[in-house]
Amino acid sequence: PTNAFGGQSGIIFFQQHASSLKTLAFNTFWKFPGGTPATPVTATNSAIDAMAYYIEPGGDFAICSMINDIKT
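Below: a short report on this structure. (Residues numbered from 1 in each chain as written. Predicted model: local features only at pLDDT ≥ 70, side-chain atom pairs only at ≥ 80, totals over all residues. Heavy atoms only, no water.)

1. Side note on the overall build of the protein
Now for step 1: In terms of helices and strands, the protein carries zero helices and four strands.
Now for step 2: When the helices and strands of the protein are read in sequence order from the N terminus, they spell out β-β-β-β.
Now for step 3: Along the first, second and third principal axes, the C-alpha atoms of the protein reach 40 × 20 × 20 Å.
Now for step 4: Burial statistics for the protein: of 72 residues in total, 26% are counted as buried.
Now for step 5: Contacts in the protein between residues far apart in sequence, at least 24 positions, make up 66% of those at least 6 positions apart.
Now for step 6: A total of about 4,600 Å² of accessible surface is found on the protein, and carbon and sulfur atoms cover 56% of it. (Helix = DSSP H or I, 4+ residues; strand = E, 2+ residues; numbered from the N terminus. Buried < 20%, exposed > 50% of the residue type's maximum accessible area, 1.4 Å probe, protein only. Contact = heavy atoms within 4.5 Å. Areas by Shrake-Rupley, 256 points an atom, 1.4 Å probe, with all protein chains shown as cover.)

What follows is the structure, encoded as structure tokens:
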């Protein structure tokens, strides 16, 4: 990400393509529980997932959690 700063937080929504399933990849800036990203997106056409994040105070990485399968 560009312009990330410590204390920033938010939720990013991902909607799966309607007819051709896609995947996501995360670089090392994004830190997930256990050190491994959760299933990035639900593998169902038009599904919606969300990722909550918080940028740590030094701005060096984001603490993240995926919320999968909000809408399928």
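2. Here's the deal with the side chain of Thr-42
Now for step 1: Within the fold, Thr-42 resides in the loop between strand 2 (30–31) and strand 3 (48–55).
Now for step 2: By relative accessible area, which is 13% here, Thr-42 ends up buried.

3. Things to note about the sheet that holds strand 1 (residues 9–15)
Now for step 1: Ordered by their spatial adjacency, four strands build an open sheet running 1-3-4-2, and the pairing between neighbours is mixed. Both edges of this open sheet fall to strand 1 and strand 2, since each of them pairs with a single strand only. (Pairing = 2+ DSSP bridges.)

4. Notes on the packing of aromatic side chains
Now for step 1: Evaluated as defined, the whole model comprises three aromatic pairs.
Now for step 2: Between the aromatic rings of Phe-29 and Trp-30, the centroid separation amounts to 5.2 Å while the plane-to-plane angle is 85 degrees, which identifies the pairing as edge-to-face.
Now for step 3: Trp-30 sits in the buried class, given a relative accessible area of 16%.
Now for step 4: Look at Trp-30 and Tyr-53: their rings are 6.1 Å apart centre to centre, the planes differ by 90 degrees, and that puts the pair in the edge-to-face class. Here Trp-30 is found in strand 2, whereas its partner Tyr-53 is found in strand 3, with 23 residues between them in sequence. Each member of the pair, Trp-30 together with Tyr-53, is buried.
Now for step 5: An aromatic cluster is defined as three or more aromatic residues linked by ring pairs; in this entry it consists of Phe-29, Trp-30 and Tyr-53. (Phe/Tyr/Trp six-rings, centres within 6.5 Å; stacked < 30°, edge-to-face > 60°.)

The quantities given are spatial measurements derived from coordinates; they are silent on function.
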